[in-house]
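Okay, here's what each chain looks like letter by letter:
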There are 2 protein chains.
Amino acid sequence: MHILVTGAGGFLGRLLIDTLLAQTDATITALDVVPLSFASERVTAFVGDLSDAAWLAATLAQVAPVEQAYHLAAVVSGSAEADFDLGYRANLEGTRNILEALRRQSASGGPVARLVFTSSVAVFGGNLPEVVTDGTVAAPQGSYGVQKLMSEYLIGDYTRKGYVDGRAVRLPTVSVRPGKPNAALSSFASGIIREPLQGKVSELPVTRDTAVWILSPDSAVAALRHTLTLDHEVFHGGVYGPAVNLPGLCVSVSQMLDSLLEVGGPEALALVKDVPDPRVTKLVATWPTKFAPERALALGYRADNDFTQIVRTFAARL
Amino acid sequence: MHILVTGAGGFLGRLLIDTLLAQTDATITALDVVPLSFASERVTAFVGDLSDAAWLAATLAQVAPVEQAYHLAAVVSGSAEADFDLGYRANLEGTRNILEALRRQSASGGPVARLVFTSSVAVFGGNLPEVVTDGTVAAPQGSYGVQKLMSEYLIGDYTRKGYVDGRAVRLPTVSVRPGKPNAALSSFASGIIREPLQGKVSELPVTRDTAVWILSPDSAVAALRHTLTLDHEVFHGGVYGPAVNLPGLCVSVSQMLDSLLEVGGPEALALVKDVPDPRVTKLVATWPTKFAPERALALGYRADNDFTQIVRTFAARL
């Protein structure tokens, strides 16, 4: 099995690759815009930009045919909102270039790659019901969500045509992310746990009653891998696009801070500083916080049970 | 007032331009891939391909700033399905190029153009409810519908950013179209009236119980013009994308043939030949036939009352 991972240098990409190395004997082609090194010889890393179709074609020409692809590469929500052109180049054209490369592979007699694409709950916005269902119309109110949604439908069309077998899933906010704060508008949802547990101050840009739809890193990786185990007919059910809303946990910032207190004690909690940011607050407020993800549950996807347990798992790895 | 019309050589573009000339004193820039001539000096026509961004920029540099734009240009559904690359180039990249050109205009101190985009009921497909509402999720099962839907969201994002003021409306199948049969999968919905009324045979590729959601050409032009009269806040209501489902008439092929009989007599009816085409039948069957277009009705859009009246109007212009 030869697997392609884009955005391989992101924390999810790294966790995915570590898991694939541990649990499969696959060889992996890892793409990212920054140089990467992996301990295993089963991983070959390439540095480049997915929006550069020629680079992508030349790179894939050097490796084995792609049987499975995890397309994780993206410019995060804050960056896509700040730089309109960058967002479309990375998040839409990058996706199209991956699809085109895999289409050429199957057109020239190679395998029809099975691909999973990480869409996002940021495709939802506007006037939302209290609980988002599989029948809720997506109306993203940020460029990142628009780019993710457009990519979902594009993948659906390439799949209907038989060029690839693409599956798009809408990830909840993944928390607790390791590493550093990033430009994702949801960065606080990891930061208010991660930084205080390491003795650092974390600024909270939203109010404490703000709720977030959360999935742990381990559950996110499990969901992505589960996606590629499903038979074509089971996943698509004869209808191509839009994406599956993944299950998650609806957690308020207050509840997250309760978990922080429980795991890290009052000295950790004291490191969270309320620094309201209207720009972040406004966009995060357009994201839904509670779902009834019936299609995903029927397909066998599972959420985490408890945010405190997620925090404990994170703390144990520090 | 200076108005841009793309797809100006299509029947809807021509009818729109004739109406604008008769009812306004606007000057019009008319774009199409084929050479056009208009009787009025108020229309300047240019020949070129919207997917050629450089041509588009050079063309718009020659004319007055665009205050209103009717973006009608598209490769029709049958062609988009037959030629995947052409469909995306024309229907997605063409739209993006128009948006980029208008963005550059506003960025350089020109007006924020008010734009109407003709999306389509072909954005719907898959497992549809009997009556499609404004809350029905779009799941196009054809490339044309995917390209229209992606364009809707793209226009919404450019509008949210303030680059243009774009409004997307989903047109029902426009019937009775004058002219010749085309590669639209819905071409029969005009052909079975138009050809027999002119003594010609028309082939019916679908069964007679097939229903179609129909709008007359005059009502389609009225709807497009109405779209640009609405205030920004009224049309968008603070939420950008997706498009408005326009009102129409749900008419079965049998009912259409009853109207043909009434207007054209039995000799006209006898010219309709059933020639089932599984490819057309399969895709047309994915399109919805009945809507509850509440948002559109609240915005003041109106459907036709009666298909026989549409046929009479068409016949009177022959």
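Residues numbered from 1 in each chain as written. Chains lettered and ligands numbered in written order. Predicted model: local features only at pLDDT ≥ 70, side-chain atom pairs only at ≥ 80, totals over all residues. Heavy atoms only, no water.

Caption draft 1: Quick peek at the sheet that holds strand 3 (residues 43-47) of chain A. Residues and elements named next belong to chain A. The strand order across the open sheet built from 7 strands is 3-2-1-4-5-7-11, with neighbouring strands paired in parallel fashion. Bordering the open sheet on either side are strand 3 and strand 11 (244-245), each of which pairs with just one other strand. With 5 bridges connecting them, strand 2 (residues 27-32) and strand 3 associate as parallel partners. Opposite Thr29, over in strand 3, you have Thr44 as the bridge partner. Together, strand 1 (2-6), strand 2, strand 3, strand 4 (68-71) and strand 7 (165-171) form the strand contacts of helix 1 (residues 11-23), whose direction differs from that of strand 2 by roughly 170°. Along the sheet, helix 4 (residues 84-107) contacts strand 1, strand 4 and strand 5 (114-120); its crossing angle with strand 4, the most-contacted strand, is approximately 175°. (Pairing = 2+ DSSP bridges. Helix = DSSP H or I, 4+ residues; strand = E, 2+ residues; numbered from the N terminus. Contact = heavy atoms within 4.5 Å. Axes fitted to C-alpha atoms, helices over the stretch in contact; angles between N-to-C directions.)

Caption draft 2: Layout of the nonpolar core. Judged by nonpolar contacts, the single largest core of 78 residues is most densely connected at Leu56, Leu102 and Met150 of chain A together with Leu56, Leu102 and Met150 of chain B. For this core, the secondary-structure elements that each account for two or more residues are helix 2 (53-61), helix 4, strand 5 and helix 5 (143-160) of chain A together with helix 2 (53-61), helix 4 (84-107), strand 5 (114-120) and helix 5 (143-160) of chain B. Among residues more than four places away in sequence, those in contact with Leu56 of chain A are Leu31, Leu50, Asn97, Ile98 and Ala101 of chain A. (Core = buried A, V, L, I, M, F, W, Y, C linked by side-chain atoms within 4.5 Å. Buried < 20%, exposed > 50% of the residue type's maximum accessible area, 1.4 Å probe, protein only.)

Caption draft 3: Main features of the pattern of salt bridges. Enumeration over the complete set of coordinates arrives at 26 salt bridges over all chains. A salt bridge links Asp165 of chain A to Arg167 of chain A, with the nearest nitrogen and oxygen atoms 2.9 Å apart. Across this residue pair, the class does not change: Asp165 of chain A and Arg167 of chain A are buried. Each member of the salt-bridge network shares a partner with another, and the members are Glu81 of chain A together with Asp157, Arg160 and Lys161 of chain B. (Salt bridge = Lys/Arg side-chain N within 4 Å of Asp/Glu carboxyl O.)

Caption draft 4: Spotlight on the relation of the copies chain B and chain A. After a rotation of 180° and a shift along the axis of 0.0 Å, chain B superposes on chain A with an RMSD of 0.0 Å. Each copy turns onto its partner about a two-fold axis. Mapped onto chain A, 100% of the interface residues of chain B are again interface residues, and the two copies thus contact each other with one and the same surface. (Least-squares fit on C-alpha atoms with pLDDT ≥ 70 in both.)

Caption draft 5: Representation of the interface of chain B and chain A in the model. Between chain B and chain A, the contact holds 36 residues from the first and 36 residues from the second. In total, chain B and chain A occlude about 2900 Å² of area from one another, counting both sides; carbon and sulfur atoms represent 54% of this. The three residues of chain B that bury the most area against chain A are Phe84, Met150 and Tyr153 of chain B, which together make up 22% of that side's buried surface. Counting across the chain B and chain A interface gives 8 salt bridges. Between Glu93 of chain A and Arg96 of chain B there is a salt bridge, with the nearest N and O atoms lying 2.8 Å from each other. The interface formed by chain B and chain A contains 20 residue pairs in polar contact (both at pLDDT 80 or more). Secondary-structure elements contributing two or more residues to the side of chain B that touches chain A are helix 4 and helix 5 of chain B. Per-element tally for the side of chain B that touches chain A: the top contributor is helix 5 of chain B, with 9 residues. Its residues placed into classes, the side of chain B that touches chain A shows 17 nonpolar, 9 polar and 10 charged. (Buried area = accessible area lost by both parts, 1.4 Å probe. Polar contact = N/O pair within 3.5 Å; in protein donor to acceptor, adjacent residues only side chain to side chain. Nonpolar A, V, L, I, M, F, W, Y, C, P; charged D, E, K, R; others polar.)

Caption draft 6: Representation of unusual backbone geometry in the model. The step from Ser175 of chain A to Val176 of chain A runs through a cis peptide bond, and the omega angle for that step is 10°. Along the polypeptide, Val176 of chain A turns up in the loop between strand 8 (173-174) and helix 6 (188-197). The omega torsion of the bond from Gly241 of chain B to Pro242 of chain B falls at -10°, within 30 degrees of zero and hence cis. Within the fold, Pro242 of chain B resides in the loop between helix 8 (232-236) and strand 11 (244-245).

Caption draft 7: Looking closely at the packing of aromatic side chains. Throughout the structure, instances matching the rule amount to 12 aromatic pairs over all chains. Taking the centre distance of 5.7 Å and the plane angle of 70° together, the rings of Phe124 of chain A and Phe291 of chain A count as edge-to-face. Of this pair, Phe124 of chain A sits in the loop between strand 5 and strand 6 (132-133) while Phe291 of chain A sits in strand 14 (residues 291-292), placing them 167 residues apart in sequence. Aromatic pair Tyr158 of chain A and Phe84 of chain B: ring centres 4.8 Å apart, planes at 85°, arrangement edge-to-face. Placement of Tyr158 of chain A in helix 5 and of Phe84 of chain B in helix 4 is noted, with the two residues assigned to different chains. Grouping residues by exposure puts Tyr158 of chain A and Phe84 of chain B together as buried. Through a chain of ring-to-ring contacts, three or more aromatic side chains come together here, namely Phe84 and Tyr88 of chain A together with Tyr158 and Tyr163 of chain B. Seen from the ring of Phe38 of chain B, Arg14 of chain B lies directly overhead, with NZ or CZ sitting 5.2 Å from the centre. (Phe/Tyr/Trp six-rings, centres within 6.5 Å; stacked < 30°, edge-to-face > 60°. Lys NZ or Arg CZ within 6 Å of the ring centre and 35° of its normal.)

Everything listed is a geometric property; what it means functionally is a separate question.
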